[in-house]
Amino acid sequence: MRSNTVQPENSMNILDDILSTLNLKGTLYFRTDLSPPWAVTVPNLEQAARFHLCVQGTCLVGFENGEYAELKPGDLILIPRGRSHTLSCTPVDEAPPLETVLSDAGYDGRGVLVVGKGDRNASTQLICGHFTLRDGADHPLLRALPDYLLTCSATRAREVWLDEVLRLLTRRMFSEGDIAEATITRLSEVCFIELLRLGVGSTPEMASILTALTDRQIGKALQLMHREADKPWTVGSLASEVGMSRSSFADRFRELMGMGPMSYLSEWRLQKALSLLEDTGCSVQQAAAGTGYQSPAAFTRAFTTRFGYSPRELKRKAG
C-alpha cells in the first residue's frame, strides 16, 4: 500500500527553505539572576519571535489580555509575533519597561542581568533571546502560529532531540569563560525549528500547513514550487506532476494551505526575490528571471504592489 506522506527529510527541506529565505536569525540578549520582588515589561518587537527558557525558579509571563503562562525549571515559551508581555515573580498589573530595568541594573549587554540582591538560591534564572526575520518576510506558516508556544519539561522528556539541544544551550550559557556566541545562536535556531514541529497541533491552521508539507501529493507540489520557482507552473502542470486532477489538486491545496496554489507560488516568488535582492546583490533583471517573471517590468509591478517599494529602491537601501 502506497504511503500518503512524503519522507520527513523532504518536508524539512521545505521548512529549511522557508526559514532560510525569510532570513531566520537567532539572538541571545541575556541570561538573568532575578531576586524577588521583580517584574519587567518586554516591548513589542516587529518581525521577531521572543523566547524565554527557565533554568531556575519560576516566572509568570503575562499578556495584555490578562492571560498568564507560568514557567518552571526546564520550561520554554516562544512568543512568535514579538508581542509585548510582562515577566514577573508574581501577578502584576503593570511593570517597568525593559530599558528601565536594564539601566537601573547597570547592565551593559555582557554577562548576567542581576536584579535584586543576587541571592542565587532564591533567584529566577532565565535565558532570553529572540529570532528575527527580514523586513517584509511572510508565509502562511508564520500567520498560523499561535500567540505563544509553551514547551514544558514533560514535553522535553518525550522529545529527546529538543531536550538535548536545550541542555547544550543551557550549559553553554552558564559556563565560565568566553561564550561561543555563534554556537549558541545556531542552537537557538535549531530550537525554533523543533518548536515549530512540536506546535503542529497548536492551531488548526498550523496543523493543516504542516500536514501539507508531509502530504505525498501536496508536499511534492510544494517541493516543486520551492525548488523550481522560476518554472512557468500552472495549476494543471502541478496537478499532472503529482498525479491529481486539476480541480482535486486545487481544492486539496487550498484546504491545507489556506490559499490557492497560484497565489502561494506568486507570494513565494516575491519572498525569494526579496531574498535574492538583499542577500546576493543580483540585478533586478536577474531576480525577475530567477523567480519566473517574463519581464523586469512585470516583476517590478508585482514587487512594488506587495512590499510598497520598488526592487531598485530596495537595492539602493541595501547598498
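Because the structure is a prediction, the values reported are computed rather than measured.

Draft legend 1. Local environment of empty space enclosed by the protein. Under the definition given, this model contains one cavity of 30 Å³ or more. Counted as a void, the largest cavity has a volume near 50 Å³. Lining the largest cavity are Phe51, Leu76, Phe131, Leu166, Leu169, Ser188, Cys191 and Leu195. Those elements that place two or more of their residues in the lining of the largest cavity are α5 (160-173) and α6 (181-198).

Draft legend 2. Up close: helix α8 (residues 218-227). For α8, the tally of buried residues reaches eight of ten residues, placing the bulk of the element in the interior. Inspection of α8 places Ile218, Gly219, Ala221, Leu222, Gln223, Leu224, Met225 and His226 among the buried residues, and these make up the whole buried set.

Draft legend 3. Summary view of the environment of Asp230. As for its placement among the helices and strands, Asp230 is situated in the loop between α8 and α9 (235-241). Once the C-alpha coordinates of Asp230 and Ala287 are considered, the two residues, 57 residues apart in sequence, prove to be 9.8 Å apart. Those residues in contact with Asp230 that lie beyond four places of it in its chain are Arg269, Ala289, Gly290, Thr291 and Gly292.

Draft legend 4. Region of the structure containing the packing of aromatic side chains. Under the criterion given, the structure shown has eleven aromatic pairs. When the ring of Phe303 is compared with that of Phe307, the centres are 4.7 Å apart and the planes differ by 55 degrees; the resulting orientation is tilted. Taken as a pair, Phe303 and Phe307 lie in helix α13 (residues 296-307) at a separation of four residues, close to a single helical turn. Phe303 sits in the buried class, given a relative accessible area of 0%. For Phe307, a relative accessible area of 12% corresponds to the buried category.

Draft legend 5. A look at the sheet that holds strand β5 (residues 68-71). Strand order in the open sheet formed by four strands is β2-β7-β4-β5, and the pairing between neighbours is antiparallel. The open sheet has two edge strands, β2 (39-42) and β5, and neither has a second partner. Along the sheet, successive strands turn relative to each other by an average axial angle of 20 degrees, direction set aside. Sheet analysis places strand β4 (residues 59-62) next to β5, joined by four bridges and oriented antiparallel. Within the sheet, the bridge partner assigned to Val61 lies in β5 and is Ala69.

Draft legend 6. Just the side chain of Arg50, in detail. Relative to the helices and strands, Arg50 is located in strand β3 (residues 48-56). The side chain of Arg50 is buried and forms no salt bridge, while Glu99, the nearest opposite charge, is found at 9.2 Å. Polar contacts involving the side chain of Arg50 include one to the main-chain carbonyl oxygen of Pro43, which spans 3.0 Å. Discounting chain neighbours no more than four positions away, the residues touching Arg50 are Tyr29, Val42, Pro43, Asn44, Leu45, Ile77, Leu78, Ile79, His85, Gly129 and His130.

Draft legend 7. Just the nonpolar core, in detail. Core analysis: the biggest nonpolar cluster contains 57 residues, and Leu222, Phe249 and Tyr264 have the highest contact counts within it. Dropping the residues within four chain positions of it, Phe249 is found in contact with Ile218, Ala221, Val235, Leu238, Ala239, Val242, Met244 and Pro261. Counting 22 residues, the second-largest nonpolar core is a separate cluster that includes Trp38, Val40, Leu71 and Leu87.

Draft legend 8. Representation of the side chain of Asp75 in the model. Relative to the helices and strands, Asp75 is located in the loop between β5 and β6 (76-79). Beyond its immediate sequence surroundings of up to four residues, Asp75 is in contact with His52, Leu53, Cys54, Glu70, Thr151, Cys152 and Ser153.

Draft legend 9. Main features of the confidence of the model for the protein. Summary statistics for the protein give a mean pLDDT of 88 and a share of 92% for residues scoring 70 or more. Here helix α1 (residues 8-21) stands out as the least confident element of the protein, with mean pLDDT 77; α9 is the most confident, with 98.

The rules behind each value
Residues numbered from 1 in each chain as written. Predicted model: local features only at pLDDT ≥ 70, side-chain atom pairs only at ≥ 80, totals over all residues. Heavy atoms only, no water. 1 Å grid on protein atoms, 1.4 Å probe; cavity = no way out; pocket = protein on both sides within 12 Å on 5 of 7 lines; lining within 4 Å. Points joined across faces, edges and corners; volume = space filled by probe spheres on them. Helix = DSSP H or I, 4+ residues; strand = E, 2+ residues; numbered from the N terminus. Buried < 20%, exposed > 50% of the residue type's maximum accessible area, 1.4 Å probe, protein only. Contact = heavy atoms within 4.5 Å. Phe/Tyr/Trp six-rings, centres within 6.5 Å; stacked < 30°, edge-to-face > 60°. Pairing = 2+ DSSP bridges. Axes fitted to C-alpha atoms, helices over the stretch in contact; angles between N-to-C directions. Lys, Arg positive; Asp, Glu negative; His and termini not counted. Salt bridge = Lys/Arg side-chain N within 4 Å of Asp/Glu carboxyl O. Polar contact = N/O pair within 3.5 Å; in protein donor to acceptor, adjacent residues only side chain to side chain. Core = buried A, V, L, I, M, F, W, Y, C linked by side-chain atoms within 4.5 Å. pLDDT = per-residue confidence, 0-100.

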